[in-house]
Amino acid sequence: MKKIAGLLIILASLGGCEDASKAIEKAQQAANTAVDGLQEHIEAVDLSNINLDQFGDAAASAKALMESIEKASDIDFTDTKALNDALEQVEAAYDKLVDLTSESKAEALMDKLLDAVPNEDTRKAIENSLNH
C-alpha cells in the first residue's frame, strides 16, 4: 500500500512538472511573438521622403545624419558601447550639419528624422544625446 501511495505521489509530481513546462513553453512562444512584432515595427524607419537637395552643399552632411539615425535605430540597447558609438555619430553628424547650414535647418531635419523612428526609447536616447 505504501509503495502504491509513493508511486501515486511521484506520478502526480511528474504531472505537475509537465504542466509547468507547458506553461513556460506557452509564455516563451507569446514573448517571441511579441518581440518579433516589435522588431518588425522598429525596422519600419522610412526616410525616403526627405529631400536632401534642399541642403545644397551640406547635402552630404544631411545624408550622414540620416544614416547615423538609421544606424542608431538598429542598435541593441543592451550593447552599451555600440549604443554610445551610434549616439556619438548622430551628435557629430548633427553638429557638422549645424556648422554647414544653421541650427534651425539642422533642427528641422532632425525633427523629421526622429518622427520616422518608431521606437520611442531610441528617439529619447538620440534627443538626450543632443541636449547634453
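Look up a bit, the structure's there.
Below or above, wherever it landed, is the structure these notes cover. Given the structure is predicted, the values throughout are model-derived calculations rather than measurements.

## Details of the overall build of the protein
Scanning the protein from terminus to terminus reveals five helices and zero strands. The 132 residues of the protein split such that 27% are buried. Summarising the internal contacts of the protein: among those between residues at least 6 apart in sequence, 65% fall at separations of at least 24.

## Here we look at the pattern of salt bridges
Inspection of every chain in the model, using the stated rule, returns three salt bridges. When the shortest N-O distance is used, the salt bridge between Lys63 and Glu67 registers 3.9 Å. One end of the pair, Lys63, and the other, Glu67, are both in helix α2 (residues 59–73), four residues apart, so they sit about a helical turn from each other. Given the relative accessible area of 43%, Lys63 is considered partly exposed. Taking the relative accessible area as the measure of exposure, Glu67 reaches 42% and is therefore partly exposed. One salt bridge connects Lys124 with Glu120, and the closest N-O pair in it is separated by 3.1 Å. Here Lys124 pairs with Glu120, and both are found in helix α5 (residues 120–130), just four residues apart, close to one helical turn. Residue classification places Lys124 among the partly exposed residues on the basis of a relative accessible area of 42%. On the basis of relative accessibility, which here comes to 43%, the residue Glu120 falls in the partly exposed class.

## A short note on the packing of helix α3 (residues 80–100) against helix α4 (residues 103–115)
Axes are the key here: two packed helices are described by the angle between their axes and the distance separating the axes. Between α3 and α4, the shortest axis-to-axis distance is 8 Å and the interhelical angle comes to 140°. Between α3 and α4, the interaxial angle falls into the category oblique. Facing Val90, Tyr94, Leu97 and Val98 of α3, the residues of α4 in contact are Glu103, Ala106, Glu107, Leu109 and Met110. Taken together, the residues that form the contact of α3 with α4 break down as seven nonpolar, no polar and two charged.

## A look at the side chain of Asn119
For Asn119, the location among the structural elements is in the loop between α4 and α5. Owing to a relative accessible area of 16%, Asn119 belongs among the buried residues under this scheme. In this structure the side chain of Asn119 is engaged in a polar contact, spanning 2.8 Å, whose partner is the backbone nitrogen of Asp121.

## Focus: α2
One full turn of an α-helix is made of 3.6 residues, so residues set three or four places apart face in the same direction. For α2, spanning 15 residues, the distance from its first C-alpha to its last is 21 Å, which sits close to the expected 21 Å at 1.5 Å a residue. Along α2, the residues classified as buried are Ser61, Ala62, Leu65, Met66, Ser68, Ile69, Ala72 and Ser73. In an axial view of α2, the angular spread of the buried residues amounts to 160°, which keeps them on one side of the axis.

## Observations concerning the nonpolar core
As a rule of thumb, soluble globular proteins bury nonpolar side chains together. Formed by 25 residues in total, the largest nonpolar core has its most connected members in Leu65, Ile69, Leu97, Leu109, Met110 and Ile126. When residues of this core are traced back to their parent elements, those giving at least two are α2, α3, α4 and α5. In terms of residue count, α3 provides more of this core than any other element does, seven residues in total. In contact with Leu65, not counting residues within four places along its chain, are Val90, Ala93, Tyr94, Leu97, Leu109, Met110 and Leu113.

## Focus: α5
Taken together, the buried positions of α5 are occupied by Thr122, Ala125, Ile126 and Ser129. The buried side chains of α5 occupy one side of the element, clustering within an arc of 95° when seen end-on. Elements in contact with the buried residues of α5: α2, α3 and α4. Where α5 starts, the residue carrying a side-chain oxygen 2.8 Å from the main-chain nitrogen of Asp121 turns out to be Asn119.

How each quantity is defined
- Residues numbered from 1 in each chain as written.
- Predicted model: local features only at pLDDT ≥ 70, side-chain atom pairs only at ≥ 80, totals over all residues.
- Heavy atoms only, no water.
- Helix = DSSP H or I, 4+ residues; strand = E, 2+ residues; numbered from the N terminus.
- Buried < 20%, exposed > 50% of the residue type's maximum accessible area, 1.4 Å probe, protein only.
- Contact = heavy atoms within 4.5 Å.
- Salt bridge = Lys/Arg side-chain N within 4 Å of Asp/Glu carboxyl O.
- Axes fitted to C-alpha atoms, helices over the stretch in contact; angles between N-to-C directions.
- Parallel < 35°, antiparallel > 145°, perpendicular 65-115°, else oblique.
- Nonpolar A, V, L, I, M, F, W, Y, C, P; charged D, E, K, R; others polar.
- Polar contact = N/O pair within 3.5 Å; in protein donor to acceptor, adjacent residues only side chain to side chain.
- Expected span 1.5 Å × (residues − 1).
- Arc of directions from axis to C-beta.
- Core = buried A, V, L, I, M, F, W, Y, C linked by side-chain atoms within 4.5 Å.

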